[in-house]
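# Close look at the chain arrangement
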Amino acid sequence: MDRKPEPELMDDEAQALAYAQADFSEAHDRFVALFTECFPGEPGSGVCLDLGCGPADVLVRFARAHPACRLDGVDGAPAMLALAECAVGAAHLQDRVRLIHGYLPGAELPGRDYDAVISNSLLHHLAVPAVLWETAKRYGRPGAALFVMDLLRPDTPARLDELVRRHAADAPSVLQRDFRNSLLAAYRPDEVKAQLEHAGLGSCRVSVISDRHWIAFGRL
Ligand SMILES: C[S@@+](CC[C@H](N)C(=O)[O-])C[C@H]1O[C@@H](n2cnc3c(N)ncnc32)[C@H](O)[C@@H]1O
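Residues numbered from 1 in each chain as written. Predicted model: local features only at pLDDT ≥ 70, side-chain atom pairs only at ≥ 80, totals over all residues. Heavy atoms only, no water.

## Focus: the overall build of the protein chain
A tally of helices and strands in the protein chain yields eight helices and seven strands. Taken over the C-alpha trace, the protein chain has a radius of gyration of 16 Å; the compact-globule value for 220 residues is 17 Å, and the two agree within 12%. For the protein chain, the C-alpha atoms occupy an extent of roughly 45 × 40 × 30 Å along the three principal directions. For the protein chain, the proportion of contacts with a sequence separation of at least 24, taken over those separated by at least 6, is 76%. (Helix = DSSP H or I, 4+ residues; strand = E, 2+ residues; numbered from the N terminus. Rg over C-alpha atoms; globule rule 2.2 N^0.38 Å. Contact = heavy atoms within 4.5 Å.)

## Side note on the packing of aromatic side chains
Here the structure, examined in full by the defined rule, presents five aromatic pairs. An angle of 45° between the planes, with centres 5.2 Å apart, marks the rings of F35 and F39 as tilted. In this pair, the class of F35 matches that of F39, namely buried. With a centroid separation of 4.9 Å and 75° between ring planes, the pair formed by F35 and F62 is classed as edge-to-face. In this pair, F35 is assigned in helix α2 (residues 25–38) and F62 in helix α3 (residues 57–65), connecting sequence segments 27 residues apart. Take F35 and F62: they sit in the same class, and that class is buried. In this structure an aromatic cluster arises from ring pairing among F31, F35, F39, F62 and F147. Here the guanidinium or amino end of R112 rests over the ring plane of Y139, the centre of that ring lying 5.1 Å away. (Phe/Tyr/Trp six-rings, centres within 6.5 Å; stacked < 30°, edge-to-face > 60°. Buried < 20%, exposed > 50% of the residue type's maximum accessible area, 1.4 Å probe, protein only. Lys NZ or Arg CZ within 6 Å of the ring centre and 35° of its normal.)

Right under this line is the structure:
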């Protein structure tokens, strides 16, 4: 199926709240576990940057799994960042997690030379996908870990319907709609590989890890 872009920022309060309240524990725990498989022992006591951190669920899980690291999360949607502040506060992680309001590209981030750059489900929102890879290259130190997970666009409308039924049947309608739109806006692994090559990150690998997700990982 052809890709159908969706809006970049998730700044509608009801949309952001429905997203923050959804149970993404399986996918987000998998994100953290796969990072560790790809980069054992990292980022240690280093600093990690999360691009498009949304309500900070991945950020909080990552911070708990890596108690020595510090993290910066950036997002362009104030509605999401308000929810992220609550999540970071509830997890008592304010001393290690910094949240930054910023639109990519263009946001000036406080750090440079991050030891790891991570991102979950940002790429399919971006009007220009190179923004993710260029931002990672700009802010990660040479050799830093890059780990990105996102959705996989289905081949056919029937497959799209099947995935929405399988994974969002009981979800509120706003979330079902967003999931369907996100699947339609998502990239396929060959498209991601081409983006990485174009960004000079051709040594990064892309791997399908579930019926609806791929990961891309490698060194900056
Ligand atoms: C689907 S959510 C993913 C949030 C989080 N990473 C997670 O996995 O739960 C995508 C997030 O990217 C943010 N976003 C989209 N385009 C952006 C841009 N150009 N600059 C900054 N943030 C952006 C949205 O506001 C939204 O919070």
